[in-house]
Amino acid sequence: MNQANQMDEAQLRQAQMELSRILSGLKHEVPIYLFTRGGHNEVFNDAARQALRFFRQLTDKIVLREYDLSHEMAQQMGIVHSPTLVFDPDRYNVRWLGAPLGEEGRIFLEVLLRVGTGNSDLNEASLGVLKKIDQPRNLKVFVSASCPYCPQQALNALKAAVAKPDLIALEIIDIQANADLADQYGAQSVPQTFANDVLTALGAQTEELFMSSIDKLEQQTIFIPESDATEVDCQLVIIGGGPAGLTAGIYAARSGLKSVVVEKGVLGGQVALTPVVENYPGMKEVGGKTLVDIMVTHALEYVQIFPGEEVVDITPGDPHIIQTSRRKFRAQAVLLATGASHRNLGVPGEERFSGRGVSYCATCDGPLFRGKKVFLVGGGNSAATEALYLHNTGVAVTLVHRRDRLKAQDVLVKQLIDNGVPILFNTEVKEIRGENRVTEVVLYNNATDQSAPQPADGVFLAIGYDPAVDLAAKVGLELTDEGYVKHDNFRTNIPGIYVAGDVAGGFKQIVTAAGYGSEAALAIFEDIIDPYWKKE
Ligand SMILES: Cc1cc2nc3c(=O)[nH]c(=O)nc-3n(C[C@H](O)[C@H](O)[C@H](O)COP(=O)(O)OP(=O)(O)OC[C@H]3O[C@@H](n4cnc5c(N)ncnc54)[C@H](O)[C@@H]3O)c2cc1C
């Protein structure tokens, strides 16, 4: 035996001793059932047997049984893939489709340890998320022998299955041994995780994000720990986690105000609904969801965010009492950044082609239609401004208005005429048509009662916004004639209550909402902190 072989043998013995030491921590027996079908996947069947034999040498806690796939036990358990390993089926629902090869050896060891000790080893935050899951989750984690990231994701899934065996079932699936399943799920890269057949992760996640993704049944990219507090004291409560609210949070907290952001729906507000943003400075083209993640991650450096929580009432006073669906906040100042939503036309094709030719924002999407023919629906100042914007961007725009004159200011109407922007009066868009994108609109002339299809590459809608002012109205904030919250430099008619972003009117853009959010936070800083400085 040469020196190199002696070294290898010594290292192997040392590794085995270390594994024996680790496995001596198993508290009880780990029954493992191996199901195989002779002549099918033999390489993997043998590899599974060898791995099991290897681990059995190291601990007497493994109790192994092997069955043919034709055995009634396989039928009872619904097992059809060879090889399949089933771990301690009386306690858990953990299966392995394939054999623990390469990197998967690490996962196999973890399965033995978790199943053999009953200890999921989950951290508190993850256990908190898992506690919320009250419906079954069938997890599938696709892995491969050469994937160094797979053990982490498989371990996350295993911990969930061990912590909640009544609701969580797990299949760890080797894609080489189960090419049919990998094809069926489109799992061409690993690790990939499905919960109840919904893709919840591409790649490995942190433990908390994994639990959050299987809870919400969609891939989560940011984990925000939940708070159990029923009452929270702070200086500023920001209502709304869109760009205005998040920016205000960053500015307020950085200026020393203890601030929180409360968001009832999806963090990011309207940005989370935007497929691609092309006009946010510093980012030539960025997905709306990605921009939201960047903003939220940044805001979390400074402010506590309370997601999934609606502010239902505000009682002005000193302090203001802010009641949410989950708790009560007491704060010196409140900032409303509740946003707005654009109005819909409500015609066939509008929803189907939204983002594929139908747009609600000329400033956002206009450049995509340069040299193309579009109809812009509306008759007010926004419609006229947006039509001029499109015209100046090089878009062949026709304004469509259902009345016989525009509501827009004379100066804007004159500019439309001077620039030769065609206007169709008494005309309504009745239908938007196309295959994958808009190709045609049906125009109806309400004066002549005639309809006709017209070729079109796009339809822009500028028929107004509905600002989210229910809460503002309930508290008694004054509104403008257009229905936005009235303010003087972000200060409303109730002292200590402020407003920013789309709900305050003005331009409705991400960058302006962020700008207004920062200005409002600085105004609040002046009102709350400055007076104390001035007194000193
Ligand atoms: C489809 C689409 C595409 C767009 N594209 C672009 C673009 O490319 N570029 C651009 O600059 N702008 C774009 N915009 C506009 C831009 O997204 C908005 O102007 C901006 O998001 C407004 O920010 P905000 O923070 O004021 O409000 P919002 O983004 O509307 O956020 C307000 C938040 O407040 C929350 N909220 C409301 N009431 C409560 C309550 N009672 N309790 C707790 N939370 C509450 C809401 O759930 C919401 O998340 C687009 C808008 C849409 C809809």
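Refer to the structure above for everything that follows.
Reference entry: report on the structure contained in this document. Please read all numbers here as calculations on a predicted model, not as lab measurements.

1. Considering the overall build of the protein
Logical step 1: Counting its secondary structure elements, the protein contains 15 helices and 27 strands.
Logical step 2: Computed over its C-alpha atoms, the radius of gyration of the protein comes to 31 Å, more than 25% above the 24 Å expected for a compact globule of 536 residues.
Logical step 3: Principal-axis analysis of the C-alpha atoms places the extent of the protein at approximately 95 × 70 × 50 Å.
Logical step 4: Per-residue burial over the protein gives 49% buried out of 536 residues.
Logical step 5: A separation of at least 24 residues holds for 64% of the contacts in the protein among residues at least 6 apart in sequence.
Logical step 6: Within the structure as shown, the protein displays about 25,800 Å² of accessible surface, and the carbon and sulfur contribution to it stands at 49%.
Logical step 7: Averaged over its 49 positive side-chain charges, the protein has a centre that lies 1 Å from the centre of its 66 negative ones.

2. Some details on the side chain of threonine 117
Logical step 1: One can find threonine 117 in helix H4 (residues 104-117).
Logical step 2: Accessibility expressed as a relative area gives 19% for threonine 117, which makes it buried.
Logical step 3: Within the structure, the side chain of threonine 117 is placed 3.2 Å from the backbone nitrogen of asparagine 119, a separation counted as a polar contact.
Logical step 4: What threonine 117 contacts, discounting residues up to four positions off in sequence, is Gly25, Leu26, Lys27 and His28.

3. Let's talk about the sheet that holds strand S2 (residues 62-68)
Logical step 1: Taken in spatial order, the eight strands make up an open sheet running S2-S1-S3-S4-S6-S5-S7-S8, and their pairing is mixed. For this open sheet the edge positions go to S2 and strand S8 (198-202), each flanked by a neighbour on one side alone. For this sheet the average axis-to-axis angle between neighbouring strands, irrespective of direction, equals 20°.
Logical step 2: Where strand S5 (residues 137-143) lies against strand S7 (residues 192-195), four bridges are found, and the strand directions are antiparallel. The partner of phenylalanine 142 across the bridge, within S7, is glutamine 192.
Logical step 3: Seen against the sheet, helix H6 (residues 150-163) touches strand S4 (94-97), S5, strand S6 (168-174), S7 and S8 and runs at an angle of roughly 160° to S5.

4. A closer look at the site of the ligand
Logical step 1: Around the ligand, 32 residues are found, and the nearest of them are Glu263, Gln270, Asn279, Asp502 and Ile510.
Logical step 2: At 2.9 Å from an oxygen atom of the ligand is found a main-chain nitrogen or oxygen belonging to alanine 244.
Logical step 3: Taking aspartate 502, its main chain carries an N or O atom lying 2.8 Å from an oxygen atom of the ligand.
Logical step 4: Compared with its free state, where it exposes 1,000 Å², the ligand has 91% of that area covered by protein.
Logical step 5: Broken down by secondary-structure element, the contributors of at least two residues to the shell around the ligand are helix H9 (243-254), strand S10 (259-263), strand S17 (340-342) and helix H15 (510-535).
Logical step 6: Along the lines of polarity and charge, the residues of the shell around the ligand split into twelve nonpolar, 14 polar and six charged.

5. Regarding the packing of aromatic side chains
Logical step 1: Taken as a whole, this structure holds 13 aromatic pairs when the rule is applied.
Logical step 2: For the ring pair phenylalanine 142 and phenylalanine 194, a centre distance of 5.8 Å and an interplane angle of 80° mean the geometry is edge-to-face. Taken together, the residues span a long stretch of sequence, with phenylalanine 142 in strand S5 and phenylalanine 194 in strand S7 at a distance of 52 residues.
Logical step 3: Overall, phenylalanine 142 belongs to the buried group, its relative accessible area being 0%.
Logical step 4: Members of the aromatic cluster, joined through ring pairs, are Phe54, Phe55, Phe87, Trp96 and Phe108.
Logical step 5: Lying over the aromatic face of tyrosine 465, lysine 508 brings its terminal NZ or CZ to 4.6 Å of the ring centre.

The rules we used
- Residues numbered from 1 in each chain as written.
- Predicted model: local features only at pLDDT ≥ 70, side-chain atom pairs only at ≥ 80, totals over all residues.
- Heavy atoms only, no water.
- Helix = DSSP H or I, 4+ residues; strand = E, 2+ residues; numbered from the N terminus.
- Rg over C-alpha atoms; globule rule 2.2 N^0.38 Å.
- Buried < 20%, exposed > 50% of the residue type's maximum accessible area, 1.4 Å probe, protein only.
- Contact = heavy atoms within 4.5 Å.
- Areas by Shrake-Rupley, 256 points an atom, 1.4 Å probe, with all protein chains shown as cover.
- Lys, Arg positive; Asp, Glu negative; His and termini not counted.
- Charge placed at Lys NZ, Arg CZ, Asp CG, Glu CD.
- Polar contact = N/O pair within 3.5 Å; in protein donor to acceptor, adjacent residues only side chain to side chain.
- Pairing = 2+ DSSP bridges.
- Axes fitted to C-alpha atoms, helices over the stretch in contact; angles between N-to-C directions.
- Near = heavy atom within 4 Å.
- Nonpolar A, V, L, I, M, F, W, Y, C, P; charged D, E, K, R; others polar.
- Phe/Tyr/Trp six-rings, centres within 6.5 Å; stacked < 30°, edge-to-face > 60°.
- Lys NZ or Arg CZ within 6 Å of the ring centre and 35° of its normal.

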